[in-house]
Amino acid sequence: MAALSGSFADLAKLGGRFRRIASGELLEEASRRLAAEAMTQLQLGFRKSRDPYGQAWKPLARRHGKPLLDTGRLRNSFTSVVTPTGFRIGTNVRYASYHQHGTKGRTKGSTRFQAVSKRGRFIAHGSKAASRGRSVRVRALNFRAGGGRIPQRMMLPEGKLGPIWARAFQRAARATVRKFK
């Protein structure tokens, strides 16, 4: 006759794990970890000047340095929100979509004047620096033949995650599951 042996303590532990999973605790923990990992990958993308798929961002045309890091406003504007079924990442910076998707530029022959510092950085109209004539030069930017075009510098994945984010998410998911073992 076959016998089944085991400990009721082990069975109670297993039942406790099932209750935690069924209560949504596992999903909440996974969502928190994945949101944190997504924010980490986003910041690494800015630091390494690359998109979520590993492609380098196009270099700057008018100044030296890394793209999208002039003031740090865009990079620091991203936030994550954990929802009952996952998470969302977003920004309130209006120009983020121009960099995420790129632009085609203005129509042929259009010109705009923009205050530029000695270092080549754009200065907002109406700022104190823009009103001082000695430290600022005004540059006429002519948007012809593709000029004025903002190249795509994707910050968040669209469609598939890509190998970099997918590996990071797999590590975070595995760590979450190990916690519930």
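Residues numbered from 1 in each chain as written. Predicted model: local features only at pLDDT ≥ 70, side-chain atom pairs only at ≥ 80, totals over all residues. Heavy atoms only, no water.

The next thing to look at is the environment of Arg 33. Its place among the elements puts Arg 33 in helix α2 (residues 25-48). The spacing of Arg 33 and Arg 171 is 138 residues in sequence and 9.8 Å in space, taken between C-alpha atoms. Those residues in contact with Arg 33 that sit more than four places away from it in its chain are Ala 172, Ala 175, Thr 176 and Lys 179. (Helix = DSSP H or I, 4+ residues; strand = E, 2+ residues; numbered from the N terminus. Contact = heavy atoms within 4.5 Å.)

Across all of its chains, the model carries four salt bridges by this definition. Between Glu 29 and Arg 32 there is a salt bridge, and its shortest N-O distance comes to 3.1 Å. With Glu 29 and Arg 32 both in helix α2, this residue pair falls three residues apart, about one helical turn. On the basis of relative accessible area, Arg 32 is assigned to the partly exposed category, the value being 42%. Measuring nitrogen to oxygen at the nearest pair gives 2.8 Å for the salt bridge that ties Arg 33 to Glu 29. Taken together, the residues span about one helical turn, with Arg 33 and Glu 29 both in helix α2 at a distance of four residues. Each of Glu 28, Glu 29, Arg 32, Arg 33 and Lys 179 takes part in salt bridges that share partners, so that together they form one network. (Salt bridge = Lys/Arg side-chain N within 4 Å of Asp/Glu carboxyl O. Buried < 20%, exposed > 50% of the residue type's maximum accessible area, 1.4 Å probe, protein only.)

Bridge count between strand β1 (residues 79-83) and strand β2 (residues 86-90): five bridges; the pairing is antiparallel. Within β2, the position partnered with Val 82 by the bridge is Phe 87. Hairpin connection from β1 to β2: two residues lie between these consecutive antiparallel strands. (Pairing = 2+ DSSP bridges.)

Core analysis: the biggest nonpolar cluster contains 16 residues, and Leu 42, Phe 46, Leu 68, Leu 74, Phe 78, Met 155 and Trp 165 have the highest contact counts within it. Within the residue set of this core, elements represented by two or more residues are α2 and α6 (163-179). Among the elements that line this core, the one with the most residues is α2, at five residues. Aside from chain neighbours lying at most four places away, what touches Phe 78 is Met 39, Leu 42, Phe 46, Ile 89, Gly 90, Thr 91, Met 155 and Leu 156. (Core = buried A, V, L, I, M, F, W, Y, C linked by side-chain atoms within 4.5 Å.)

Counting all residues, the mean pLDDT for the chain is 79, and 63% of those residues have values of 70 or more. Here strand β5 (residues 136-143) stands out as the least confident element of the chain, with mean pLDDT 49; helix α3 (residues 73-77) is the most confident, with 95. Segment residues 142-146: pLDDT under 50, and twelve contacts once partners within four positions in sequence are set aside and those in other chains are kept. (pLDDT = per-residue confidence, 0-100.)

Among the structural elements, Ile 89 can be located in strand β2. A sequence separation of 50 residues divides Ile 89 from Met 39, and the C-alpha atoms of the two residues are 7.9 Å apart. Not counting residues within four places of it along the chain, the set of residues in contact with Ile 89 comprises Ala 38, Met 39, Phe 78, Thr 79, Ser 80 and Leu 156.

Moving on, we get to α6. Over its 17 residues, α6 extends 24 Å from the first C-alpha to the last, a length consistent with the 24 Å expected when each residue adds 1.5 Å. For α6, the complete set of buried residues consists of Ile 164, Trp 165, Ala 168, Phe 169, Ala 172 and Thr 176. For α6, the buried positions fall inside an angular range of 120° around the axis, keeping them on one side. For α6, the secondary structure elements touched by its buried residues are α2 and β2. (Expected span 1.5 Å × (residues − 1). Arc of directions from axis to C-beta.)

A few words on unusual backbone geometry. Not every positive phi belongs to a glycine, and Ser 49 is a case in point at roughly 50°. As for its placement among the helices and strands, Ser 49 is situated in the loop between α2 and α3. If you check the backbone angles, Leu 68 has positive phi at about 65° while not being a glycine. Considering the arrangement of structural elements, one finds Leu 68 in the loop between α2 and α3.

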